[in-house]
Amino acid sequence: MTRFTCALASATTATVILLIFVLFDSMRSSFVSAVVVDPMTITLLPPHAGSNCRTVFVPLFPSLPNSSRIASFSGDGKSRRHLRISDASLPNARMDLHDDLLITGYYTTRLWIGSPPQKFALIVDTGSTVTYVPCSTCEHCGKHQDPKFDPDSSSTYRSVKCNIDCTCDNDRKQCIYGRQYAEMSSSSGVLGEDIVSFGNQSELSPQRATFGCENSESGDIYTQRADGIMGLGRGDLSLIDQLVDRGVISDSFSLCYGGMDVGGGAMVLGGISPPYGMVYAYSDPIRSPYYNVDLKELHVAGKRLPLNPSIFDGKHGTVLDSGTTYAYIPEEVFLVFKDAIMKELHSVKQIRGPDPKYKDICFSGAGSDVSELPETFPSVEMVFGRAHRLSLSPENYLFRVRGAYCLGIFQNAKEPTTILGGIIVRNTFVMYDREHDKIGFLKTNCSDLWARLNSSGVLPSTPDKYHPSPYTSPPAPLGPPPYHISPGSKVGSIIFYMSLNIMYSKLEPHITELIELIAMELQVNGSQVSLLDFISEGNGSLTIWSITPPEPAEYMSKETASDIIALIAEDEIHLPRSFGKHRISNWYIESAPNRTWWQNYRNVVIGIILVLVFGFLAFTTRWLWRYRQQTNIRYRPIGSIFPELELQTM
């Protein structure tokens, strides 16, 4: 055993060591452990619960080798289409969605191919990269909604000849394709080109596009009622990529799925003016071949689940897939989420699911009125990067079967990827802004979207009746005043959203002045006000602000917080005309202290400085003491006579 000994040379040294212990004890509470997620092959569970819902439509292989053209990239790693400046004058294709997520398991749209046009019902799928329909020559295709595509009946059809950029058939005459899916279904056939039409609501004229003409189907693709798939994923065979590369639409598309018991919805190929109140999530095209979002947190009934954000970043990250019916989350997340939901349920009874093969979590006694579900089931919030929040109502995580409601969020076996299927975005307008690498969400009624849009000219939002999204205007107060703070709550910070009809480039030089004005209107110090984020909205800006407690307090008193919230909720912030018109869209309370880096680590930095100062003083003091001891020794010349000293007897 090695022995360590130490001696306190002085009181100064003892003080230094004491400070070191205090410093490390302070730092210990400032660090958190990291969770390392081991990437594994993605395995997705098939739908069940006694319905004929569609299985998960995420390809096992994004594309076969040489099955499509290779995308061209610039020196900075971005595709050429990302370098194109968006053109607001480009047309778009407005299209209706049909079917219902939990009856058929998917949503379809109508596409016309050929001359004369032949109509097809295609599943809109953001997880697939090719559009295909059954070919009249197909030897193993199921019975679907419409007749098979007949190339000989179209005067504009052309087969894609074998070339170095595709996989060729055995005779090396035509290009072929093949797709395999996680639930073991598949589609294969030849590639062809023809005129594609988008319906009478479309501003976009018919365009030539490459698609798959199926010669073989298996699994759910064989048994489904829909004719085929409209691939909206990332890839050169994707219909979106083809239209963008031709320069006929901007690099964006949108989907809006109808709600529970209603179905239907709307779709837009191309750009549309971003509606007010959208919640944005960053989508990294290099992170995975699918449309991922930077999910950081989950909240149930306003309480954050104790999960490390890295758990949502395993394998492909958090993927938004319109071809998947339900949501699939990692095992650890599912267990915590399920327990949090169960703790909030008091007036319903848990029952067994309709299918004995699966352990569905179902409840009875909630009634049949979907609008009243928020009175029984808690709200759920997804928090993306930069604290952007999307509020989910019960219809976004429940499905109904035989009068009961069951959780539509399942455990994704042992796999780390998080899959957000169509159930998560029911009655949500989802804009896939690929040009700016972000995905926007807006709660709205999708079933009659076009009728309301045509009558008002503005895409309407529908805030959650009980838990409004941070980006939407709050409804009229129900019961207690909007600034009521529940007992036991702690107020670490107050976040609110302010829209101004002035572009951020003109607003940025005056941010300091704006901070002082807001502080004066809310009767707080300027140091308590900070700008968290901003989003450009056409000719205006959406700004996100934080009000923190005065230093050194970590929490606000309820009285102070109520006064501030009252001023925010009643829009009592008055600004000079130079800032244009403004509007407070929403606010919420953060229970955790919203502190700056300096506020979090101030004591640590001061401790380090004190250790260095006292250490330097201790070293300097000891060095001076030794120097003085050496200078006190008297030396005599060599050869000088010393007096004899007698030895003393013991």
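Residues numbered from 1 in each chain as written. Predicted model: local features only at pLDDT ≥ 70, side-chain atom pairs only at ≥ 80, totals over all residues. Heavy atoms only, no water.

> Which residues make up the overall build of the protein chain, and what values do they have?
Across its full length, the protein chain holds 10 helices and 32 strands. Residues classed as buried in the protein chain amount to 49% of the 650 residues present. Counting every atom, the protein chain has about 32800 Å² of accessible surface; 56% of that belongs to carbon and sulfur. (Helix = DSSP H or I, 4+ residues; strand = E, 2+ residues; numbered from the N terminus. Buried < 20%, exposed > 50% of the residue type's maximum accessible area, 1.4 Å probe, protein only. Areas by Shrake-Rupley, 256 points an atom, 1.4 Å probe, with all protein chains shown as cover.)

> Before we move on, could you go through the packing of aromatic side chains and cite the residues and values that matter?
In total, this model carries 16 aromatic pairs according to the counting rule given. Relative to tyrosine 157, the ring of phenylalanine 149 has its centre 5.8 Å away and its plane inclined at 55°; by these criteria the two rings are tilted. Neither residue differs from the other here; phenylalanine 149 and tyrosine 157 are each classed as buried. Centre to centre, the rings of phenylalanine 149 and phenylalanine 211 are 5.5 Å apart; their planes meet at 90°, and the pair counts as edge-to-face. Here phenylalanine 149 is found in the loop between β4 (132-134) and β5 (158-159), whereas its partner phenylalanine 211 is found in strand β9 (residues 207-218), with 62 residues between them in sequence. Both residues of the pair, phenylalanine 149 and phenylalanine 211, belong to the buried class. One Lys or Arg, lysine 438, reaches over the ring of tyrosine 280 and ends 4.1 Å from the middle of that ring. (Phe/Tyr/Trp six-rings, centres within 6.5 Å; stacked < 30°, edge-to-face > 60°. Lys NZ or Arg CZ within 6 Å of the ring centre and 35° of its normal.)

> Quick rundown of the pattern of salt bridges? Include the residues and the values.
This structure, assessed with the given rule, holds 8 salt bridges. Among the salt bridges present, the one from glutamate 344 reaches lysine 303, with a minimum N-O distance of 3.5 Å. In this pair, glutamate 344 is assigned in the loop between α5 (331-343) and β19 (349-351) and lysine 303 in strand β16 (residues 303-304), connecting sequence segments 41 residues apart. A relative accessible area of 52% means that lysine 303 is categorised as exposed. Where arginine 389 meets glutamate 381, a salt bridge forms, and the shortest distance between an N and an O atom there is 2.9 Å. (Salt bridge = Lys/Arg side-chain N within 4 Å of Asp/Glu carboxyl O.)

> So, unusual backbone geometry: which residues are in play, and what are the values?
Omega for the bond connecting serine 115 with proline 116 falls within 30 degrees of zero, at 0°, which places this linkage in the cis form. By secondary structure assignment, the location of proline 116 is in the loop between β2 (108-113) and β3 (118-125). Even without being glycine, alanine 387 reaches a positive phi, approximately 60°. Among the secondary structure elements, alanine 387 is positioned in the loop between β21 (380-384) and β22 (389-392). Classification of alanine 387 by relative accessible area gives partly exposed; the value is 30%.

> Outline the nonpolar core, supporting the account with residue identities and numerical values.
Core analysis: the largest hydrophobic core is formed by 90 residues, its most contacted members being Phe198, Leu269 and Phe441. The greatest single-element share of this core, amounting to 5 residues, is contributed by α5. Residue contacts for phenylalanine 441: discarding those within four places in its chain leaves Gly277, Met278, Val279, Ala281, Val293, Leu320, Phe384, Leu390, Val425, Thr428, Phe429 and Val430. (Core = buried A, V, L, I, M, F, W, Y, C linked by side-chain atoms within 4.5 Å. Contact = heavy atoms within 4.5 Å.)

> Tell me about the state of the cysteines, and name the residues and values.
Going through the model one piece at a time under the given rule, you end up with 6 disulfides. Across a sulfur-sulfur distance of 1.9 Å, cysteine 135 and cysteine 213 are joined as a disulfide pair. Judged by the sign of its S-S torsion, about 85°, the bond between cysteine 135 and cysteine 213 is right-handed. Taken together, the positions of cysteine 135 in the loop between β4 and β5 and cysteine 213 in strand β9 put the pair 78 residues apart, joining distant regions of the chain. There is no split in this pair, since cysteine 135 and cysteine 213 are both buried. The residue that forms a disulfide with cysteine 138 is cysteine 141, at a sulfur-sulfur distance of 1.8 Å. Disulfide cysteine 138-cysteine 141: torsion about the S-S bond near 90°, hence right-handed. Pair check on accessibility: cysteine 138 and cysteine 141 agree, each one buried. Of note for the protein chain: the bonded cysteines, numbered N- to C-terminal, pair according to 1-8, 2-3, 4-6, 5-7, 9-12, 10-11. (Disulfide = S-S within 2.5 Å.)

> Give a description of the environment of threonine 444 that names residues and reports values.
As for its position among the elements, threonine 444 is in the loop between β28 (438-443) and α6 (449-456). Exposure remark for threonine 444: the relative accessible area of 2% places this residue in the buried category. Distance from threonine 444 to glycine 258, taken between C-alpha atoms, is 9.3 Å for residues 186 residues apart in sequence.

> Describe the environment of arginine 400, naming the residues involved and giving the relevant values.
By the secondary structure assignment, arginine 400 is in strand β23 (residues 398-401). Linking arginine 400 and phenylalanine 363, residues 37 residues apart in sequence, is a C-alpha distance of 9.6 Å. Not counting residues up to four positions away in its chain, the partners in contact with arginine 400 are Leu102, Met260, Asp261, Ser368, Val370 and Tyr405. Within the structure, the side chain of arginine 400 is placed 2.8 Å from the backbone oxygen of serine 368, a separation counted as a polar contact. Engagement of the side chain of arginine 400 in a polar contact is seen with the side chain of tyrosine 405, the distance being 2.7 Å. (Polar contact = N/O pair within 3.5 Å; in protein donor to acceptor, adjacent residues only side chain to side chain.)

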